[in-house]
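# Reading the structure
Residue-level listing of the chains:
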Amino acid sequence: MLRFRFVLRPVSAVRPWGADPPRLGWFILTDGWYRIEVGGHELLRYADVAPDSGPPWVDYHVVRLWEDVLDLMPQALEPVPADLLDFVAGELPAATWPAAPEIEAARAWHAGHSLTMGHLRAAPDIRFWRTVSGGADTMTVAWSHPVDPDDDDPIVFTAPPTGRVVLPTDAFVAAVTAFDRELFAAMEERVAGLEAAGPPAGVDLDLRGLRHEQRDRAGWLAEATTRDADTDWPAVRAGAGTLLGPAGESARDREGSARGLVQ
């Protein structure tokens, strides 16, 4: 029901960074394409891509998706209390609010359930939250990609503009684990190949540092899945109440009226 898919660009086609001399590193060598499969949909798959430009997915360093998934793991794996489900599922009100610790806590908690996509233009909001209720332990994956009607060159994805899929939390953890293993298997082949052949001519590459980073990053998933989110629930509840209260409409009401919602 959920998979993080990627393809690495051939080493010979990876563009080094900088100059005098140009350099390669572990992050740079993850250059490629990625997408997310969930509930029969392909998130981050572009609807209009030139046929000779590679897969029609996000063209970026794959490790960035991996880092962003791991960053949200503590928040995503922390069960959301029933009274905050409307808040975590909806968009924050557009009104301007005075600075206050509880409002900042609520905003940060809300943002902590979204994949970071600031490096992409017109990226969708992809959110994850866990619910434990009545013996069911589930993870909700929701996305939204509104198209700006004033944009002369809009980014269009093949997935519906909004959608929501619910899956067992174990399936979410399994998907992240599979992504981690597949990325490090692909990078192990890449690192070992460079150790055997040496750096490309004219390129600065620290092979010892490359091997060290391969080993070090291999432990990041275990740390992410055991790290406590350390949520200040009273502050989040107070901030959420302030943010949602004046709007006169709950996040659930807003979502129910949204067009294109996929269950």
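None of these values were measured; they are calculated from a predicted model. (Residues numbered from 1 in each chain as written. Predicted model: local features only at pLDDT ≥ 70, side-chain atom pairs only at ≥ 80, totals over all residues. Heavy atoms only, no water.)

The next point concerns the overall build of the chain. Check the secondary structure of the chain and you find 8 helices and 7 strands. Here the C-alpha atoms of the chain give a radius of gyration of 20 Å, agreeing with the 18 Å that 2.2 N^0.38 yields for 263 residues. In terms of overall dimensions, the chain has C-alpha extents of about 65 × 45 × 40 Å along its principal axes. Scored against the burial criterion, the 263 residues of the chain give a buried share of 44%. Within the chain, contacts between residues at least 6 apart in sequence are counted, and of these 71% link residues at least 24 apart. Accessible surface for the chain amounts to roughly 13200 Å². Of this, 53% is attributable to carbon and sulfur atoms. (Helix = DSSP H or I, 4+ residues; strand = E, 2+ residues; numbered from the N terminus. Rg over C-alpha atoms; globule rule 2.2 N^0.38 Å. Buried < 20%, exposed > 50% of the residue type's maximum accessible area, 1.4 Å probe, protein only. Contact = heavy atoms within 4.5 Å. Areas by Shrake-Rupley, 256 points an atom, 1.4 Å probe, with all protein chains shown as cover.)

A separate point is the environment of Ala47. Inspection of the secondary structure assignment puts Ala47 in the loop between strand E3 (41-43) and strand E4 (58-61). With relative accessibility at 46%, the residue Ala47 sits in the partly exposed group. In contact with Ala47, not counting residues within four places along its chain, are Val156, Phe157 and Thr158.

Here the focus is the packing of helix H4 (residues 169-197) against helix H5 (residues 207-217). Remark: H4 packs on H5, axes separated minimally by 10 Å, with the N-to-C direction vectors making an angle of 165°. Our classification of the angle between H4 and H5 gives roughly antiparallel. Crossing angle aside, the handedness with which H4 passes H5 is left-handed. Here Phe184, Met187, Glu188, Val191, Ala192, Leu194 and Glu195 of H4 come into contact with H5, specifically with Leu207, Leu210, Arg211, Gln214 and Arg217. (Axes fitted to C-alpha atoms, helices over the stretch in contact; angles between N-to-C directions. Parallel < 35°, antiparallel > 145°, perpendicular 65-115°, else oblique. Left-handed = near helix turned anticlockwise from the far one by under 90°.)

Another aspect to go through is the nonpolar core. Formed by 53 residues in total, the largest nonpolar core has its most connected members in Phe4, Ile36, Leu44, Leu115, Ile126, Phe128 and Phe172. Looking at which element gives the most residues to this core, the answer is helix H1 (residues 62-77), with 10 residues. Among the nonpolar cores identified, the runner-up in size contains 16 residues, and Val80, Ala89, Trp233 and Ala240 belong to it. (Core = buried A, V, L, I, M, F, W, Y, C linked by side-chain atoms within 4.5 Å.)

Next up on the list: the pattern of salt bridges. Under the defined criterion, the tally for this structure stands at 15 salt bridges. When the shortest N-O distance is used, the salt bridge between Asp31 and Arg9 registers 2.9 Å. Within this pair, whereas Asp31 is found in strand E2 (residues 31-38), its partner Arg9 is found in the loop between strand E1 (2-8) and E2, the two being separated by 22 residues in sequence. Arg9 shares its class with Asp31; the two are buried. Note that Asp59 and Arg9 form a salt bridge whose closest N and O atoms lie 3.1 Å from each other. In this pair, Asp59 sits in strand E4 while Arg9 sits in the loop between E1 and E2, placing the two residues 50 residues apart along the sequence. One network of salt bridges, with partners in common, ties together Arg5, Arg35, Glu37, Glu42 and Arg45. (Salt bridge = Lys/Arg side-chain N within 4 Å of Asp/Glu carboxyl O.)

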